[in-house]
Amino acid sequence: IALDHVSFRYRPELPEVLHDLCLTIPPGQTVALVGPTGAGKTSIGNLIARFYDVSAGAVRIDGKDVRSVTQRSLHQQIGLVPQDSFLFSGTIADNIRFGNMQASDEMVEQAARLANAHDFIVAKPDGYQTRVLEGAANLSVGQRQLVCIARALLTDPRILILDEATSNVDSLTETLIQEALRNLLQGRTAVVIAHRLSTIRTADLICVIQDGRIVEQGQHDELLSRGGMYTALYNRLTTP
């Protein structure tokens, strides 16, 4: 994935939210985006998935401008685990199968096991045939996230965009989610909009975003040693 001098604004009359970004993500690597709220992290993920088009520059995957391919073909290559898990009114199995409608029951279960979702699913009276209520009211925040991770695993995408949503779950569920994310990330190119330090530490590259620009980049220990903005963010996240 390459961001080539990318600038972006949501509408022509609005100010830019990203300014002349240049970033290359080699195949199979995980890049974490960190920074304050409103810095532009989610906008970068949206441009890679082409939910929006750049205002200037280009986003390229395997050297091809994402604007030169159909959104359908692009989205077949990308798995998205959003911060707010989206589940529709259907069975849990239907929700996992959403990205691969041809998947067998065995494939659905395998994805759920890798996502650490199997145990909570089979504990429900109807198991995988449990119907998801409106707003997924019968599932906890963590359970919804595990179902979304299982869905992404089943599609077997080349590229992952993760907006971590572990801030509202208990420590046990967070451990399950982090283990599921490790399974999901293995061997894939990933962009992680990071809110928790466990993912940040293990990323191949960390980019600190501020006011729509990359102000620091490097690995965890390297950035900490600089004593800059990453160190301040890290200290803020680790202070009780």
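Below is a short write-up of the structure. (Residues numbered from 1 in each chain as written. Predicted model: local features only at pLDDT ≥ 70, side-chain atom pairs only at ≥ 80, totals over all residues. Heavy atoms only, no water.)

## Overview of the sheet that holds strand β4 (residues 56–61)
Hydrogen bonds between backbone atoms are what pair the strands of a sheet, whose relative direction is either parallel or antiparallel. Rule in force here: Any two strands with at least two DSSP-identified bridges between them are counted as paired. Think of it this way: any DSSP run of H or I at least four residues long counts as a helix, any run of E at least two long counts as a strand, and we number them from the N terminus. In this description, contact between two residues means that some pair of their heavy atoms is separated by no more than 4.5 Å. Only the stretch in contact is used when fitting a helix axis, every axis being a line fitted to C-alpha atoms; angles between N-to-C directions are given from 0 to 180 degrees.
Strand order in this open sheet of 4 strands is β2-β1-β4-β5, and the pairing throughout is antiparallel. Each edge of the sheet is formed by a strand with only one pairing partner; in this case those strands are β2 (18–24) and β5 (64–65). Note: strand β1 (residues 2–8) against β2, 4 bridges, orientation antiparallel. Of the residues in β2, the one forming a bridge with Phe8 is Leu18. Together, β1, β2 and β4 form the strand contacts of helix α1 (residues 41–48), whose direction differs from that of β1 by roughly 120°.

## A short note on the nonpolar core
So the rule is basically this: What we call a nonpolar core is a set of buried Ala, Val, Leu, Ile, Met, Phe, Trp, Tyr and Cys residues that are connected through their side-chain atoms within 4.5 Å. Here the term buried applies to any residue with accessible area under 20% of the maximum for its type, exposed to any over 50%, and partly exposed to those in between, with areas from a 1.4 Å probe on protein chains only.
In terms of nonpolar packing, the biggest core is built from 45 residues, with Ile96, Ile149 and Leu184 touching the most fellow members. Excluding its chain neighbours within four sequence positions, the residues that come into contact with Ile149 are Val81, Ala115, Ile177, Ala180, Leu181 and Leu184. One finds Leu3, Val6, Ala49 and Val59 within the second-largest nonpolar core, a separate group that totals 28 residues.

## A closer look at the side chain of Thr130
With respect to the helices and strands, Thr130 occurs in the loop between α5 (118–122) and α6 (141–155). If we ignore the near neighbours within four places in the chain, the residues touching Thr130 are Gly90, Thr91, Ile92, Lys124 and Asn138.

## A look at the environment of Tyr230
Its place among the elements puts Tyr230 in helix α10 (residues 229–238). With relative accessibility at 2%, the residue Tyr230 sits in the buried group. Expressed as a C-alpha distance, the spacing of Tyr230 and Leu153, which sit 77 residues apart in the sequence, is 31 Å. Not counting chain neighbours up to four residues away, the residues in contact with Tyr230 comprise Val34, Ile200, Ile206, Val208, Glu216, His220, Leu223 and Leu224.

## Considerations on the sheet that holds strand β6 (residues 78–81)
Spatially, the 6 strands line up as an open sheet ordered β6-β7-β8-β3-β9-β10, and their pairing is mixed. The open sheet terminates on both sides in strands that have one partner only, identified here as β6 and β10 (213–218). Each strand of the sheet is rotated relative to its neighbour by a mean of 20°, with strand direction disregarded. Where strand β7 (residues 159–163) lies against strand β8 (residues 189–193), 5 bridges are found, and the strand directions are parallel. Bridge pairing links Leu162 to Val192 in β8. Its contacts with the sheet put α6 on β6 and β7, and the angle it makes with β6 is roughly 175°. Against the sheet, helix α7 (residues 171–185) touches β3 (30–34), β6, β7 and β8, its axis set at about 160° to β7.

## Here's the deal with helix α4 (residues 105–114)
Rule in force here: Working definition: the arc comes from the directions between the helix axis and the C-beta atoms, pointing outward to the latter.
Burial in α4 covers these residues: Val108, Ala111 and Ala112. The arc that holds every buried residue of α4, seen down its axis, measures 100°, which confines them to one face. Facing away from the buried side of α4, by more than 90 degrees, are the exposed residues Glu106 and Gln110. Close packing links the buried residues of α4 with α3 (92–97), α5 and α6. In the segment just after α4, Asn116 is the residue with positive phi, at about 60°.

## Some words on unusual backbone geometry
Phi at Arg50 is positive, roughly 55°, even though this residue is not glycine. With respect to the secondary-structure elements, Arg50 resides in the loop between α1 and β4. The residue Asp62 is not glycine, and still its phi comes out positive at about 55°. Positionally, Asp62 belongs in the loop between β4 and β5.

## A word on the pairing of β1
On any regular strand, side chains alternate: one points to one face of the sheet, the next to the other face. Taken together, the 4 bridges between β1 and β4 define a ladder with antiparallel strand orientation. By the bridge assignment, Leu3 is partnered in β4 with Val59.

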